[in-house]
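# Chain and residue survey
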Amino acid sequence: MLTVVLSGLRDRWASFLGGFVALALGVGLLATMGLGLSATFHAPERSPQRFASSPVVVQGQDRLTLDVRRGPDTVPLELRLDRPQPVDGGVLRELRARWTVTAAGGPDAVGVDAPAAEVRALVGDRARVLTGAGRAQADPDPERDARALVALNALLGTSGGVTAFVSVFVVASTFAFAVALRRREFGLLRTAGATPGQIRRLLLAEAAALGVLASAAGCALGALGAPLLARTLVDGGLAPAWFTIGGASWPFHTAFWTGVAVAPAGAVAASRRAGKVGPTAALREADVDADALPLGRAVLGTGLLLTGLGLLVWTCATDPSALLKRKTYTTLPMLLITGVALLSPLLVRPAARLLRSRGAVGTLVRENSAAAVRRTAAVAAPVLVTVALAGTLFGSATGVTRAKEAESREQTAAQYVASGADLRPVPAPAGAVLSPTGATSVFVRDGEEAVVKYGARAVADPAAFAELARLPVVAGDLRDLDDRSIVVNEEFERHRVGETVEVWRADGSGPVRLRVAAVLALGTGDSGPYVTRANAPGSALDRIDARGGGTATVRALEASGGTLASGRHAGGNPQNRLGMILVLGIALVYTVIGLANTLLMATSVRGGELASLRLAGATRGQILRVVTGEAALAVAIGTGLGLVVTGLVLGTLGAGLAALSAPVVLALPWTVIGAAAGACTTVAVAAAALPAWRLTR
């Protein structure tokens, strides 16, 4: 068996080349993404800066601890505060009475020149005692490194998931189509006495051998590609400047054994079909695609399609805000894409019949495409994947960004906005209204089992805020906001006007009981809550809305030290766009490989058919136009199916935005879709024309 397998791989290397390249590239990308992921699990240890000369640091409490219910018991739950509390005054007096205490900017921490054990015994649970590398937690923004890795971790995880999805799809399609082209060969083997089990084992052995070779090559590619990925992420602003690839070995093991498993898994369905080929297949003069959609494929495709549609509708009905998240609009469409791709043989024939072109060439293109369902579907499916990913990824991201921009413009009546960290308060010029606000947070119980931390806004002048804000109020009045009240959104458990909400402030103080003054629609996620500065200790101004006052207002805002803009405008995130380009690039590369391999194989075995056309009087140019026209029509069918999936996803996103009372601003990314479809068409036409030109010499 091994001799037969190796001989087959050697003699039919061209048929296996596309699968080998696709699998090797997939393993290489998985190894690269895995190495990148391993580097995001732990932020680098930074040496202490603020208290580098102090062996011990005493820091105020930086966590709010509340009891929550877990089953029949009650357990403490810790939530991180925006900033540590000041060190208790009594603790400071006791420390200064015994040791040398160093204050380095801010009351939240002090350095102590004393043995750590003695300091802990003195402080107890009244403050935190930091030693060694832990002293860096007292530096400004100690969590910045960890935060920088969160989005990068999500991006690399998503890219790895897309890589696995598309690689399995392309490898399975390649094996299925290669098996369809070898029907006569299997018929001859059956005539010579081969059993269906032997045919299946032959194909699975070929796939396993291909998987081992391709996986080994892919691991080598991953080792070369990981440093390049790190440099690209840093240069593109997706990763901090210190980000580098580590020396973890598990990504290579994971990628290698995934590749070894993917190859036989992709060949399982094809091997089962090959085992059903009878001896009479060797005597057939023509291939008839009567079984282009087996029952198992039809059931699986229908199930995935209905599951994808059901999840979209269920998410829109129960949690429409989830549709605005990149993780959702990246992963959910994959079910729809796979379902439509599996059912594509059902759609190819009626779609091909829609072509209305007079003349012999147009007629042959239409009829050949409709008759060779398996070949047309094998070309259309990878195009569908690329176009649908391009449309759903970029379309959803653009729609969410535009909705946020429109919502931002609608939520303020300000003519000018000054923004920046730690703005300086400025007096309002004559005839002007200025509304200063700052970022803060509040902690609210959600039942007995959870405590939720909400990002909130602290209002300095409630009257000016009510005059300039155009928030989506569904109940109550913004003018009722004062030091004893709060403006909430519909996400709060208690969100009826007049109800009392128990709140812990950003510094952990509380609880305080605040009356609900107004309720806001949830929108895209930036609506509320709002409190006054009295309930936002430590909050610094980062935004000033202004209207009226003319040039005097402009000068005042410029003196605040912030960046001045006309109205609020939320621009798109270029880093997110670069991440989507990375994901789409992976899909496009796989599509190019799948198209080239499928059309090279399909056209190379059409020598007899093309020779018959020449004998019937067709010129060489006409034959080339027929072959390339079939390829272009298959790409057009795949593009159309991809646009249908895109329309379903974007339509659901629009319904979700409407349910959130957010502006519905959707647009198809025609430029990206056109570029993807154009690249697919170019590759498909070239891959079909090259062997046809050789066969018609």
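A brief report on the enclosed structure follows. (Residues numbered from 1 in each chain as written. Predicted model: local features only at pLDDT ≥ 70, side-chain atom pairs only at ≥ 80, totals over all residues. Heavy atoms only, no water.)

## Regarding the pattern of salt bridges
The full count for this structure, using the stated rule, is 16 salt bridges. Glu-118 is the salt-bridge partner of Arg-98, the closest N and O atoms lying 3.8 Å from each other. Of this pair, Arg-98 sits in helix α3 (residues 89–98) while Glu-118 is found in helix α4 (residues 116–123), placing the two residues 20 residues apart along the sequence. In this structure, Asp-545 and Arg-543 form a salt bridge, with 2.6 Å as the shortest nitrogen-oxygen distance. For the pair shown, Asp-545 and Arg-543 are each scored as buried. One network of salt bridges, with partners in common, ties together Asp-62, Arg-63, Glu-78, Arg-80 and Arg-128. (Salt bridge = Lys/Arg side-chain N within 4 Å of Asp/Glu carboxyl O. Helix = DSSP H or I, 4+ residues; strand = E, 2+ residues; numbered from the N terminus. Buried < 20%, exposed > 50% of the residue type's maximum accessible area, 1.4 Å probe, protein only.)

## What about the side chain of Glu-407?
Relative to the assigned elements, Glu-407 resides in helix α13 (residues 373–410). Although Glu-407 is buried, it makes no salt bridge; Lys-404 carries the closest opposite charge, 6.0 Å away. Contact partners of Glu-407, with chain neighbours within four places excluded, come to Gly-523, Thr-524, Ser-527, Ala-662 and Pro-663. (Lys, Arg positive; Asp, Glu negative; His and termini not counted. Contact = heavy atoms within 4.5 Å.)

## Observations regarding unusual backbone geometry
Cis geometry is found at the peptide bond from Gly-510 to Pro-511, where omega equals 5 degrees. Mapped onto the elements, Pro-511 comes out in the loop between β12 (500–504) and β13 (512–520). One non-glycine residue, Ser-661, adopts positive backbone phi at about 60 degrees. Along the chain, Ser-661 falls in the loop between α18 (620–659) and α19 (670–695).

## Description of the sheet that holds strand β1 (residues 56–59)
Strand order in this open sheet of four strands is β4-β5-β1-β6, and the pairing throughout is antiparallel. The open sheet terminates on both sides in strands that have one partner only, identified here as β4 (100–103) and β6 (128–131). For this sheet, the mean inter-axis angle between neighbouring strands, taken without regard to orientation, is 30 degrees. Relative to β6, β1 is paired through four bridges, and the arrangement is antiparallel. Bridge pairing in β6 places Val-57 opposite Leu-130. Where α3 meets the sheet, it contacts β1, β4 and β5 (109–113), and its direction lies at approximately 20 degrees from that of β5. Strands in contact with α4 are β1, β5 and β6; relative to β6, the strand with the most contacts, it is inclined by about 170 degrees. (Pairing = 2+ DSSP bridges. Axes fitted to C-alpha atoms, helices over the stretch in contact; angles between N-to-C directions.)

## Quick word on helix α15 (residues 551–559)
All buried positions along α15 are accounted for by Thr-553, Val-554, Ala-556 and Leu-557. Along the axis of α15, the buried positions cluster into a sector of 165 degrees, meaning they face one direction only. Pointing more than 90 degrees away from the buried face of α15 are the exposed residues Thr-551, Arg-555 and Glu-558. Check the buried side of α15 and you find it contacts β7 (416–419), β8 (433–446), β15 (541–547) and β16 (563–565). (Arc of directions from axis to C-beta.)

## Observations regarding the packing of helix α11 (residues 344–353) against helix α12 (residues 360–371)
Taken N-terminus to C-terminus, the directions of α11 and α12 make an angle of 170 degrees; their axes are 8 Å apart at the nearest point. Compared by their axis directions, α11 and α12 come out roughly antiparallel. Read as a crossing pair, α11 and α12 show a hand that is left-handed. Between α11 and α12, the residues in contact are Val-348, Arg-349, Ala-352 and Arg-353 and Arg-366, Glu-367, Ser-369, Ala-370 and Ala-371, respectively. By residue class, the composition of the contact of α11 with α12 is four nonpolar, one polar and four charged. (Parallel < 35°, antiparallel > 145°, perpendicular 65-115°, else oblique. Left-handed = near helix turned anticlockwise from the far one by under 90°. Nonpolar A, V, L, I, M, F, W, Y, C, P; charged D, E, K, R; others polar.)

Purely spatial values, then, with no claim about function.
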